[in-house]
Amino acid sequence: MSYTNEDLAAVPLSARTWKTSNYIALWVSMSMCIPTYMLASSLIEGGMNWFQAVLTVFLGNLIVLVPVILNGHVGAEYGIPFPVFARLSFGLRGANIPGILRAMVACGWFGIQTWIGGYALFQIVKIWIPAFGTLEPIFPAGVGLETGPAITFFIFWLVNMFVIYLGIESIRKLLVFKAIFLPVAALALLAWAIVAAKGLGPILAQPSKFQDMGEFWKFFFPALTGMVGFWSTVSLNIPDFTRYSVSQKAHQLGQAIGLPPAMAVFAFIGVVVTSASTIVFGKTIWDPVVLGGMFDSPILVTLAMIAVIISTLATNIAANMVSPANDFSNLAPSKINFRMGGYITGVIGLLICPWKLIADPSGYIFKWLIAYSSLLGSIGGVLIVDYYYIRKKKVDVKALYTPHSQYWYSNGFNPLAIIALIIGILPNIPGFLTTMELVSADAFPGWMNELYHYAWFVGLFVSGGVYALIMKRENK
C-alpha cells in the first residue's frame, strides 16, 4: 500500500513561499466569519456584558495560540501536513484515528457554515418572494427543518461542491473579495448598531445578567473552554498551512498578530450589534443572518446576505475543507485525492443536521464547541509531547512514508498513543453524557460533571502526561 500522494508529500524548500503577511491574512480571513460573530453573541445571550464577552474571546484565542504555534513548527521545519505529522506518534496506520476524529469535527463545521450560507440565501429569496418563507412543510416535525431553508441549504451545498470540483485554487479570488468586502460590511453593521441604539453609550452600559461572581465564574470557565475549542481544530492541522512557510519566524509572528487581535475585533462587532438588537428590537438576536433578515429594505437585505454568502463560502473552503480532505486522503492515498476527500466531507456535513448544532447559544457552546474540544485536546496532548519531549523535534521524514520503519510500531499502530488518547477522553465522558441529557445529572458525582467544563484542558494534560510516562518507560 502506498502511504503518499501529491497532497500528502512533503513540500520542498523551493515551494515554501508563505510569508508573515500571508499568515496574518489567513487568520484575519478565517476569523472574520459568521461563527466568530455568533461566538461573542452567544456570550451576551448567556449573560455577559460587552467587556466580559470580548475578554473571554481574546483569552481563549491567546491560549489556543500556544498549540497553534507549537504544532505549526513541524510543518515549517519538515514540510509535512497534519495526517503525516500524526504518523510520528500514532503510526502510519494509527494516524487515521486522530485524522478521522479531526475530519469529523471539520465535517460538522462544514455543515454549520453551509447552513449559514444557505439561510442567508433563504433571506434573499424570502424578501423578494414572501411566499417562499411559508412553503408547506415536507419534513417530519422531529427533523426541525423548514422547507424554504432546506431548499436554499441544498443549493448552497451544491455551490460548495462545485468549488471543490474546480479545485482549491478557485477560492483565491473569493478570499481576496472577502478580505475587502467583509470588513466593509462588518463596519456598516457596526455603524447601524451605533445609530439605531443612539450611540455606543447605551450598548456598552448594558450590565451583566449575573447576580453575583459565583454565577459569572460558573459560566466563564466552560465559555472559555468553548472559545479555546473554536480553533482547537486548526491548532491540530496547522501544519497543513505552515508547511508552506518560508521560516519558523514567518508563521509564528503572522499567527500571533493575526489570530487573537482579529478574533477580538470581530467579536467586539458581534457584541455591539447583538447588544443593539436588544435595545432596538426588545430581544437579543445572536444570529446575524436572522438579524439581517429583519430589515425592511430588500436591497439592504440582499447586499448584506451576499456578503454573508461569499465570506461563508471562502471560509468554508479554507478552514473546513483543506484538513478533512487531507485526512480522508490519508485513509487510502492511492484512491482518495483532495477532490474526493472534499466530496466525502460535503456528504457527511449534509447528513450531520447542522441546523440543530446552532439552534441556540447554549447548545453552540456546551454541546458543540466543548464536546469536540475534549477529543481534540487529547490528540493535541499526544502530538505535542511526542514531538517536543520524546523526539526532541527530530524527524525522519522518509520513514513517515515507509512501511515497517521506526514509525510502524505494531502493524502500523502505536498502541501507547491510542491508550493515552483514550485515557484523556475518559474523564470528560460523564459530563458529556449529562450535558447531552443522555443520562440524568445525578448519575455521576458532581465533580465528574464539572470536569467537562474544562474538557480541552483535561484532555490535553491527561493524554499528554500519560503518553510522556508510558513512552519514556517503554523506551528505557
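Here is what the cut-offs are and how they apply
Residues numbered from 1 in each chain as written. Predicted model: local features only at pLDDT ≥ 70, side-chain atom pairs only at ≥ 80, totals over all residues. Heavy atoms only, no water. Helix = DSSP H or I, 4+ residues; strand = E, 2+ residues; numbered from the N terminus. Rg over C-alpha atoms; globule rule 2.2 N^0.38 Å. Buried < 20%, exposed > 50% of the residue type's maximum accessible area, 1.4 Å probe, protein only. Axes fitted to C-alpha atoms, helices over the stretch in contact; angles between N-to-C directions. Parallel < 35°, antiparallel > 145°, perpendicular 65-115°, else oblique. Left-handed = near helix turned anticlockwise from the far one by under 90°. Contact = heavy atoms within 4.5 Å. Nonpolar A, V, L, I, M, F, W, Y, C, P; charged D, E, K, R; others polar. Patch = residues over 30% accessible without salt bridge, like charges linked within 9 Å, V, L, I, M, F, W, Y side chains within 5 Å. Areas by Shrake-Rupley, 256 points an atom, 1.4 Å probe, with all protein chains shown as cover. Salt bridge = Lys/Arg side-chain N within 4 Å of Asp/Glu carboxyl O. Expected span 1.5 Å × (residues − 1). Phe/Tyr/Trp six-rings, centres within 6.5 Å; stacked < 30°, edge-to-face > 60°. Lys NZ or Arg CZ within 6 Å of the ring centre and 35° of its normal. pLDDT = per-residue confidence, 0-100. Bend = angle between axes of the 7 residues up to and from the residue.

Engineer: Explain the overall build of the chain to me, using residue names and the numbers behind them.
Structural biologist: The helix and strand inventory of the chain stands at 21 helices and zero strands. Taken over the C-alpha trace, the chain has a radius of gyration of 22 Å; the compact-globule value for 476 residues is 23 Å, and the two agree within 12%. Considered along the principal axes of its C-alpha atoms, the chain spans approximately 70 × 50 × 45 Å. Scored against the burial criterion, the 476 residues of the chain give a buried share of 56%.

Engineer: Residues and numbers for the packing of helix 6 (residues 147–166) against helix 13 (residues 298–320), please.
Structural biologist: Contact geometry for helix 6 and helix 13: axes closest at 11 Å, N-to-C directions at 50°. With respect to their mutual orientation, helix 6 and helix 13 come out oblique. The handedness of the crossing between helix 6 and helix 13 comes out as right-handed. On helix 13, the residues touching F156, V159, N160, V163 and I164 of helix 6 are I309, T312, L313, N316 and I317. For the contact of helix 6 with helix 13, the class distribution of residues is seven nonpolar, three polar and no charged.

Engineer: Give me a nonpolar patch on the surface: which residues, what numbers.
Structural biologist: A grouping of I279, V280, F281, V290 and M294 is seen on the molecular surface, where their side chains present a nonpolar patch of about 330 Å² in accessible area. Residue placement: F281 occurs in helix 11 (residues 248–281).

Engineer: Residues and numbers for unusual backbone geometry, please.
Structural biologist: Phi angles above zero are rare outside glycine, and K198 is one such case at about 60°. Within the element layout of this structure, K198 appears in the loop between helix 7 (172–196) and helix 8 (200–204). Owing to a relative accessible area of 74%, K198 belongs among the exposed residues under this scheme. Phi is positive for C353, which is not a glycine, with a value near 55°.

Engineer: How would you explain helix 11 if you had to name every residue and give the values?
Structural biologist: For helix 11, with 34 residues, the first-to-last C-alpha span of 49 Å sits near the 50 Å given by 1.5 Å per residue. G282 occupies a position one or two residues after helix 11 and carries a positive phi of about 80°.

Engineer: Please set out the packing of aromatic side chains residue by residue, giving values where relevant.
Structural biologist: If you walk through the whole model with that rule in mind, you get 31 aromatic pairs. Here F153 and W355 contribute two aromatic rings whose centre-to-centre distance is 5.9 Å and whose plane-to-plane angle is 80°, an arrangement assigned as edge-to-face. Pair noted here: F153 is in helix 6 and W355 is in helix 16 (residues 354–357), with a separation of 202 residues, a long-range link. For the pair formed by F153 and W355, the shared burial category is buried. Centre to centre, the rings of W456 and F457 are 5.1 Å apart; their planes meet at 85°, and the pair counts as edge-to-face. A network of ring pairs unites the aromatic residues F210, F216, W217, F219, F220, F221 and Y454 as a single cluster. Across from the ring centre of Y389, 4.9 Å away, lies the NZ or CZ of K472, which sits over that ring.

Engineer: Which residues make up the confidence of the model for the chain, and what values do they have?
Structural biologist: Confidence in the prediction of the chain, expressed as mean pLDDT, is 86, and 95% of residues score 70 or more. Helix 7 is the least confidently modelled element of the chain, averaging 75 in pLDDT, while helix 18 (residues 415–425) averages 96, the highest of any element.

Engineer: Run through the pattern of salt bridges, naming residues and quoting values.
Structural biologist: Tallying each qualifying case throughout the model produces one salt bridge. Note that R391 and D386 form a salt bridge whose closest N and O atoms lie 3.1 Å from each other.

Engineer: Could you give an account of the environment of I138, with specific residues and numbers?
Structural biologist: Mapped onto the fold, I138 is located in the loop between helix 5 (96–128) and helix 6. It is 9.7 Å that separates the C-alpha atoms of I138 and A150, two residues lying twelve residues apart in sequence.

Engineer: Quick rundown of helix 9 (residues 213–237)? Include the residues and the values.
Structural biologist: Under the 1.5 Å per step criterion, the end-to-end length of helix 9 is 37 Å for 25 residues, consistent within 8% with the ideal 36 Å. The sharpest bend along helix 9 measures roughly 40° and falls at W231. For helix 9, a buried count of 19 out of 25 residues is recorded, marking the element as mostly surrounded by other parts of the structure.

Engineer: How would you summarise the packing of helix 5 against helix 14 (residues 322–331) if you had to cite specific residues and measurements?
Structural biologist: It is the contact of helix 5 with helix 14, at a shortest axis distance of 8 Å, that shows an interaxial angle of 145°. The two elements helix 5 and helix 14 cross, and the hand of that crossing is left-handed. Contact with helix 5, carried on its side by N96, G99, I100, R102, A103, A106 and C107, involves S323, P324, D327, F328, N330 and L331 of helix 14 and no other residues of that element. Taken together, the residues of the contact of helix 5 with helix 14 break down into seven nonpolar, four polar and two charged.

Engineer: If you had to explain the environment of F457 to someone new, which residues and values would you point to?
Structural biologist: Mapped onto the fold, F457 is located in helix 21 (residues 455–474). Taking C-alpha positions, F457 is 8.7 Å from S373, a pair spaced 84 residues apart along the chain. Not counting chain neighbours up to four residues away, the residues in contact with F457 comprise I63, T225 and V228.

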